[in-house]
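Examining the three-dimensional arrangement
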Amino acid sequence: MDGRDNHVLASAAKSATYNMVLQLLFRILTFGLNAFTLRYVSRDLLGVVNVRLMLLYSTTAFVSREAFRRVCLSRSSNRNWTQVVNLLWCTLPIGVMVGIVLSFAWLKLLHLPDPDAVPHYAIGVYCYTLSIILEMITEPLYVIGQVLLFVKLKVISEGFAILGRCLVTVMLVMFYPQWGLLSFCTAQMTYTLIYICCYYGYFIWFAAYRVKKDDDFPLYSMRDFFPKYEKGKVILL
């Protein structure tokens, strides 16, 4: 038991360290990216991306999934994983509903930016909303990875996704400055696709090659990561 507790504490400390490094990397890359892109795009456009659209993205993410993460990460070790997975997939329809409501508010209730200074604003709202909705399909994988202390998975997935977004942004604003907001939309969708591919790619590999060697892993195939009905049992927690 002591060995298990020591392993958990060591993994938690390692996870905290990786998260700090990731946040530091994210801040440095964001600062550098903003400083670079100011040479190619207007301050109005950059302000819309970093304030309005990122606020839409983060608000949709928080409202849709934060409560589910807290519930699933704070429960005791006696989990019914089928119910946990079913519950986490509820974030997808909730994310769709929240995204629709907030997109309507961003387009109809808030003051719109000058279309001459920031063209394609509506497309930007739709792209950032779609981005976070698509990320909801990784929520079961994210929570399972956190519970089972896959400490490097989050860092690697978000790190590659952030790096991909930065590279795409830089290339597009350099070579296609006339795209304006569309460059940032493309970069954000690139972030989402890399993030999804990292999580699903890792767990597909893990389910195929490592599950049989890891007796502590509670799921046995990729089908177990998707909603499932068990006869005679409660569907959700």
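Below or above, wherever it landed, is the structure these notes cover. Everything numeric in this text was worked out from a predicted model, so none of it was measured. (Residues numbered from 1 in each chain as written. Predicted model: local features only at pLDDT ≥ 70, side-chain atom pairs only at ≥ 80, totals over all residues. Heavy atoms only, no water.)

Counting buried positions along helix H6 (residues 139-147) yields eight of nine residues, so the element is predominantly enclosed. Restricting attention to buried positions, one finds in H6 the residues Glu139, Pro140, Leu141, Tyr142, Val143, Ile144, Gly145 and Val147. Elements that come into contact with the buried residues of H6 comprise helix H2 (43-74), helix H3 (81-88), helix H4 (91-109), helix H5 (121-135), helix H7 (151-175) and helix H8 (181-209). Taken from the residues just after H6, Leu149 is the one with a positive phi, measuring 65°. (Buried < 20%, exposed > 50% of the residue type's maximum accessible area, 1.4 Å probe, protein only. Helix = DSSP H or I, 4+ residues; strand = E, 2+ residues; numbered from the N terminus. Contact = heavy atoms within 4.5 Å.)

Glancing now at the packing of aromatic side chains. Under the criterion given, the structure shown has 15 aromatic pairs. Summarising the aromatic geometry, the rings of Phe36 and Tyr40 are spaced 5.1 Å apart at their centres and angled 40° between planes, so their arrangement reads as tilted. Residue classification places Tyr40 among the partly exposed positions, given a relative accessible area of 31%. Put simply, the rings of Phe150, Tyr202, Phe203, Trp205, Phe206 and Phe225 touch in pairs and so form one group of aromatic residues. Note that Arg69 overlies the ring of Tyr142, its terminal NZ or CZ placed 3.8 Å from the centroid. The ring of Tyr191 has Arg165 sitting right over it, with the charged end atom 4.5 Å from the ring centre. (Phe/Tyr/Trp six-rings, centres within 6.5 Å; stacked < 30°, edge-to-face > 60°. Lys NZ or Arg CZ within 6 Å of the ring centre and 35° of its normal.)

Let us look at the nonpolar core. Considering soluble globular proteins, one finds that nonpolar side chains tend to be buried as a cluster. Of all hydrophobic cores here, the largest spans 56 residues; its most connected members are Phe184 and Phe203. Counting residues per element, the ones that place at least two in this core are helix H1 (2-37), H2, H3, H4, H5, H6, H7 and H8. By residue number, the principal contributor to this core is H8, which donates 11 residues. Not counting chain neighbours up to four residues away, the residues in contact with Phe184 comprise Val41, Leu45, Leu46, Val49, Tyr128, Thr169 and Val173. (Core = buried A, V, L, I, M, F, W, Y, C linked by side-chain atoms within 4.5 Å.)

Remember, this is a structural readout, not a statement about activity or role.
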